[in-house]
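Coordinate analysis (summary)
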Amino acid sequence: MSISVRQLTQPTDDETRDATRVLHEAFERKYFLPALGGDQSLVEPFLLAHVKATVIGGELYVAELPGTPGIVGVALWFGPGQKFLSGNEQRDAGWNQTMNVLDTACQNWWDNFLSLADTVPERLYGPGQQQASYHLQTFGVLPQHQKKGYGTALMSAVEEKAKLTSSDVVLETMGEAAVPIYKKLGFEVLGPEVIKTPRGEANAYCFRKRTGK
């Protein structure tokens, strides 16, 4: 069967919860866990905040297997002119509520991280280029469905959309593990730049694919 990818423009509460659950399992229930003070109970609400912010100001895509109910892959995208946490409505959809229960050290780390999330791409892509592109905030596939093409399908769906306006497709990661993956998918690797994390220093990479320039 072919892989089905669709954009959820007005997801139901059940679809929003399912998308969050997929990301939660894809990241082994540890998404940014150290930066959440090691509090496991905050991880899923934090991911829900990402999904809700994307519904408000970005583009939520899901991958499904035709004939099989349920979402198996999720991608959170922000198209040209869109930005993660660009306004109060996005922040009040769960982000602020998570930040408010963290200790001061974690809050300060997130403030610094969000600043780096702006400044590092500005240096590596060029001024204004991240927001002029299709930007992948995060994506994940259920562990039992990984390495079956769902992740590639979630990327390809937006790359085809980007080609219509000759927009770049960009994303950022920390650490070395993802570098060969995105190189294989045809992305140019930019960086690394060293940033501080709750577990010490890490290499931050930017990836760019030009779709029609």
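All values reported here derive from a predicted model rather than from experimental measurement.

A separate point is the nonpolar core. Core analysis: the biggest nonpolar cluster contains 53 residues, and Val74, Trp77 and Trp110 have the highest contact counts within it. Filtering out sequence-adjacent residues up to four positions away, Trp77 remains in contact with Thr54, Gly58, Glu59, Tyr61, Gln82, Tyr134, His135, Leu136, Leu154, Met155, Val158 and Val169. Formed by five residues, the second largest nonpolar core is a distinct cluster that contains Val120, Tyr125, Val170 and Cys206.

Bringing the packing of aromatic side chains into the picture now. Here the structure, examined in full by the defined rule, presents 17 aromatic pairs. Ring centres 6.3 Å apart and planes at 50° place the aromatic pair Phe32 and Trp109 in the tilted group. Note that Phe32 is positioned in the loop between helix H1 (13–26) and helix H2 (43–57) and Trp109 in helix H4 (residues 104–125), a separation of 77 residues in sequence. Judged by centre distance (5.4 Å) and plane angle (85°), the rings of Trp95 and Trp110 are edge-to-face. One end of the pair, Trp95, is in helix H3 (residues 88–101); the other, Trp110, is in helix H4, with 15 residues separating them in the sequence. Just as Trp95 is buried, Trp110 falls in that class too. Joined through ring pairs, the aromatic side chains of Phe27, Tyr31, Phe32, Phe46, Phe78, Phe84, Trp95, Trp109, Trp110 and Phe113 make up one cluster.

Looking now at the sheet that holds strand E5 (residues 168–174). Hydrogen bonds between backbone atoms are what pair the strands of a sheet, whose relative direction is either parallel or antiparallel. Pairing is mixed in the open sheet, where seven strands are placed in the order E1-E2-E3-E4-E5-E7-E6. Of all the strands in the sheet, the pair left with one neighbour each is strand E1 (4–7) and strand E6 (188–197). Looking at each pair of strands side by side, their axes are set apart by 25° on average, direction ignored. Across three bridges, the pairing between strand E4 (residues 134–141) and E5 is parallel. Opposite Tyr134, over in E5, you have Val169 as the bridge partner. Contacting E5, E6 and strand E7 (200–210), H4 runs over the sheet at an angle of about 155° to E6.

Below, the discussion takes up the UniProt feature "domain: N-acetyltransferase" (unreviewed entry) in the chain. According to UniProt, the "domain: N-acetyltransferase" (unreviewed entry) feature falls on residues 74–212. A helix fraction of 40% and a strand fraction of 29% characterise residues 74–212, whose end C-alpha atoms lie 25 Å from each other.

In this section: the environment of Val55. With respect to the element layout, Val55 can be found in helix H2. The partly exposed category is assigned to Val55, whose relative accessible area is 31%. For the pair Val55 and Thr16, spaced 39 residues apart in sequence, the C-alpha separation works out to 9.0 Å. Discounting residues that sit within four places of it in the chain, Val55 has contacts with Pro11 and Leu60.

About the cut-offs
Residues numbered from 1 in each chain as written. Predicted model: local features only at pLDDT ≥ 70, side-chain atom pairs only at ≥ 80, totals over all residues. Heavy atoms only, no water. Core = buried A, V, L, I, M, F, W, Y, C linked by side-chain atoms within 4.5 Å. Buried < 20%, exposed > 50% of the residue type's maximum accessible area, 1.4 Å probe, protein only. Contact = heavy atoms within 4.5 Å. Phe/Tyr/Trp six-rings, centres within 6.5 Å; stacked < 30°, edge-to-face > 60°. Helix = DSSP H or I, 4+ residues; strand = E, 2+ residues; numbered from the N terminus. Pairing = 2+ DSSP bridges. Axes fitted to C-alpha atoms, helices over the stretch in contact; angles between N-to-C directions. UniProt positions renumbered as here; feature names shortened; annotations may be inferred.

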